[in-house]
Amino acid sequence: MKTSGATTSGVSSGGRAWLRNHRNIAIGSLVDLLKNRITSLMTVMVLGIATGLPLLLYVVLINVLTVTENFDGDPRISIYMNKEAAEEDIESFLTIVEKHPNTAGFHYISPEEALLDFQLHSNFSDVLNSLSSNPFPAVVELIPRDTDSVKLRSQIIEMEKYQEVDMVVADLAWIERLFGFISLAKSIVILLGLMLGLGVLLILGNTVRLSIENRRSEIEVVKLVGGTDGFVRRPFLYLGFWYGVGGGISAWLLVHVCILFLSGPVELIAQSYRDDYALVGLTMIESLSFFALSSILGLLGSALAVRKHLRVSESLF
Amino acid sequence: MMILFDNVSKRYPSGKEALSDVSFGIQTGEMAFLTGHSGAGKSTLMKLVILLERATKGQVVIQDINLNRIAAKHIPVIRRNIGVIFQNHQLLFDRNVFENVALPLYIAGFQHREVGRRVRAALSKVGLTRKEKAYPISLSGGEQQRVGIARAVVNRPPLLLADEPTGNLDPALSEEVMNLFLQFNQVGVTVLIASHNQELISRLNKREIRLHEGRLL
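Residues numbered from 1 in each chain as written. Chains lettered and ligands numbered in written order. Predicted model: local features only at pLDDT ≥ 70, side-chain atom pairs only at ≥ 80, totals over all residues. Heavy atoms only, no water.

Draft legend 1. How the structure looks around the interface of chain A and chain B. Contact with chain A, which involves 27 residues of that partner, is made by 36 residues of chain B. Across the interface of chain A and chain B, roughly 2,800 Å² is buried in total on both sides, 62% from carbon and sulfur atoms. Applying the counting rule to chain A against chain B returns one salt bridge. Elements with a minimum of two residues in the side of chain A that touches chain B: α1 (5-8), α2 (14-35) and α9 (216-224) of chain A. If you tally residues by element for the side of chain A that touches chain B, the top one is α9(A), at six residues. (Contact = heavy atoms within 4.5 Å. Buried area = accessible area lost by both parts, 1.4 Å probe. Salt bridge = Lys/Arg side-chain N within 4 Å of Asp/Glu carboxyl O. Helix = DSSP H or I, 4+ residues; strand = E, 2+ residues; numbered from the N terminus.)

Draft legend 2. Summary view of helix α5 (residues 141-153) of chain B. With 13 residues, α5(B) ought to run about 18 Å at 1.5 Å a step, and its terminal C-alpha atoms sit 19 Å apart, in line with that. Burial within α5(B) is extensive, with 12 of its 13 residues counted as buried. (Expected span 1.5 Å × (residues − 1). Buried < 20%, exposed > 50% of the residue type's maximum accessible area, 1.4 Å probe, protein only.)

Draft legend 3. Spotlight on the pattern of salt bridges. Under the counting rule described, the total for this entry stands at 15 salt bridges over all chains. One salt bridge connects A:Glu218 with A:Arg215, and the closest N-O pair in it is separated by 3.1 Å. With relative accessibility at 10%, the residue A:Glu218 sits in the buried group. Residues B:Arg207 and B:Glu30 are paired through a salt bridge, measuring 2.9 Å at the closest nitrogen-oxygen approach. A residue pair is termed long-range when its members are at least 10 positions apart, and B:Arg207 in strand β9 (residues 207-212) and B:Glu30 in the loop between β2 (17-26) and β3 (31-35) qualify at 177 residues. In this structure B:Arg207 comes out as partly exposed when scored by relative accessible area, which is 32%. Classification of B:Glu30 by relative accessible area gives buried; the value is 19%. One salt-bridge network, in which partners are shared between bridges, spans A:Arg215, A:Glu218 and B:Arg95.

Draft legend 4. Spatial organisation of the confidence of the model for chain B. With 100% of its residues at a pLDDT of at least 70, chain B reaches an overall mean of 92. Per the prediction output, this complex has pTM 0.70; the corresponding ipTM is 0.87. (pLDDT = per-residue confidence, 0-100.)

Draft legend 5. Expanded view of a negative patch on the surface. Residues and elements named next belong to chain A. Together, Glu87, Glu88, Asp89, Glu91, Glu112, Glu113 and Asp117 make up a negatively charged patch on the protein surface. Broken down by secondary-structure element, the contributors of at least two residues to the negative patch are α4 (87-99) and α5 (111-121). Take the negative patch: its biggest share by element is four residues, from α4. We classify Glu91 as exposed; its relative accessible area is 52%. (Patch = residues over 30% accessible without salt bridge, like charges linked within 9 Å, V, L, I, M, F, W, Y side chains within 5 Å. Areas by Shrake-Rupley, 256 points an atom, 1.4 Å probe, with all protein chains shown as cover. Lys, Arg positive; Asp, Glu negative; His and termini not counted. Charge placed at Lys NZ, Arg CZ, Asp CG, Glu CD.)

Draft legend 6. How the structure looks around the environment of B:Arg130. Counting through the fold element by element, B:Arg130 comes out in the loop between α4 (112-125) and α5. Expressed as a C-alpha distance, the spacing of B:Arg130 and B:Thr28, which sit 102 residues apart in the sequence, is 33 Å.

Draft legend 7. Representation of unusual backbone geometry. All names here are of chain B. At Asn7, a residue that is not glycine, the phi angle is positive and equals roughly 50 degrees. Mapped onto the secondary structure, Asn7 falls in strand β1 (residues 3-11). Despite not being glycine, Glu164 shows a phi value in the positive range, around 45 degrees. If you trace the backbone, Glu164 turns up in the loop between β7 (159-163) and α6 (171-186).

Draft legend 8. Quick look at empty space enclosed by the protein. This model, assessed by the stated rule, comprises three cavities of 30 Å³ or more. Its boundaries defined by the atoms lining it, the largest cavity holds a volume of some 100 Å³. Lining the largest cavity, in full, are A:Leu224, A:Val225, B:Arg79, B:Arg80, B:Ile82, B:Gly83, B:Val84, B:Pro104, B:Arg151, B:Ala152, B:Asn155 and B:Pro157. Counting residues per element, the ones that place at least two in the lining of the largest cavity are β6 (82-85) and α5 of chain B. A total of three residues in the lining of the largest cavity trace back to one element, the largest contributor, which is β6(B). Here the lining of the largest cavity is composed, by residue class, of seven nonpolar, two polar and three charged. (1 Å grid on protein atoms, 1.4 Å probe; cavity = no way out; pocket = protein on both sides within 12 Å on 5 of 7 lines; lining within 4 Å. Points joined across faces, edges and corners; volume = space filled by probe spheres on them. Nonpolar A, V, L, I, M, F, W, Y, C, P; charged D, E, K, R; others polar.)

Draft legend 9. Representation of the packing of aromatic side chains in the model. Residue and element names in this part refer to chain A. What the rule picks out here adds up to six aromatic pairs over all chains. An angle of 65 degrees between the planes, with centres 5.4 Å apart, marks the rings of Phe93 and Tyr162 as edge-to-face. Note that Phe93 is positioned in helix α4 and Tyr162 in the loop between α7 (149-160) and β4 (165-169), a separation of 69 residues in sequence. Judged by its relative accessible area of 25%, Tyr162 is partly exposed. (Phe/Tyr/Trp six-rings, centres within 6.5 Å; stacked < 30°, edge-to-face > 60°.)

This is how it looks when you write it as structure tokens:
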């Protein structure tokens, strides 16, 4: 196409004009968003709740994982010694226990110690006195190095083989259950994240669709005076992006308000366990990746809506 | 040659043939009227020129470019060289006069300072210099039409299309608008106006392209 000299002067090089257009539209769409404060705020809040819920669960999960990591020496394996076992046999057994690769530490409780402890901490000392002999066996409290259930089980089976050993008890079931619950919780976080992510896409898609409908005549005019599809699309993509950013920030705030709210009760519980555990929030990197994710979701939601609804009728004549 | 129609037919998916074997040419710098009853094919003809529709048969050539060979992604570039004026103005009511007129310049990527210069030049040409901050809703019909004209010429396109530009205006305003078109034509712009206003047309003594039921008369 011929272009007169006058037309080309004053047009900046493609790249610069494109960048300037992006900057103008990015700012413009943000200004539009801030102008319609109430509707924007409501949408942002809905998005914040939708993305905040999985985020909150994620934070809970992180805290549960931190707590279970902190389990100090738990689980313990209690090895009850055979009452007939001789003292030197027990001692050789203790060296075996000590040398076992999965032993982090152990504590030997002789029958006498057990009796003393029981007398001190219970009200049954009279009953014990009436007994002719010490009913307590010797016990080894073993702290395993690796709490992985398979390793624990093999160690238990190994210990049970010794003649000196009467019984080996470890409450594996609850540990297995706990880890079962944790992995279930992980799956729930992922599922919920996916579902609510889809919800966010739909909410944004609808919001952007409404915005497209509101600006239908503008779109038609822009296309008629030579606006490219990209030019027409851009404000809506930025709108979705800003909604994503806003939703992310409100979700982040929501989660941290929840943490603040829960930290009191959690500290109380921790204190009752003689622990000084404090709730863990999101790290900088986690927060930033969450913001990135939510803005990408925003962009994606509006891209879907734009793709579907930007077919212009162009019926201006 | 600015516009060349060579055996152009347009059949809509509904089966209606809006244009049948239409052939004509408009020279660069010419001013012509397109007349005919409603449904004669005037709108379809205009739509073919700005690529809102594609010819079913034949060739439409604008400024030596055969529109049949233009891919969809190049349509915007073609449109930037054609100024279009609508009967109902098609102004954006949430933007002021300046912003309405500046729209084609922003789309074409003009620099800020150049945009201001050109918009003011276009507004002064249509006599609306003092209305640049006004919103279209506060303007009279004639003023709105002149904003539409300013927007069409701000890009300095070599071709102007107008669809019933005086349709809603009284005789005095119609005259004024027609004088604007004459002025643009005098500086070399090719102008094609679809109009019913037989009185004005005969007075201006310009070429008339008559359509009747999709055929040239």
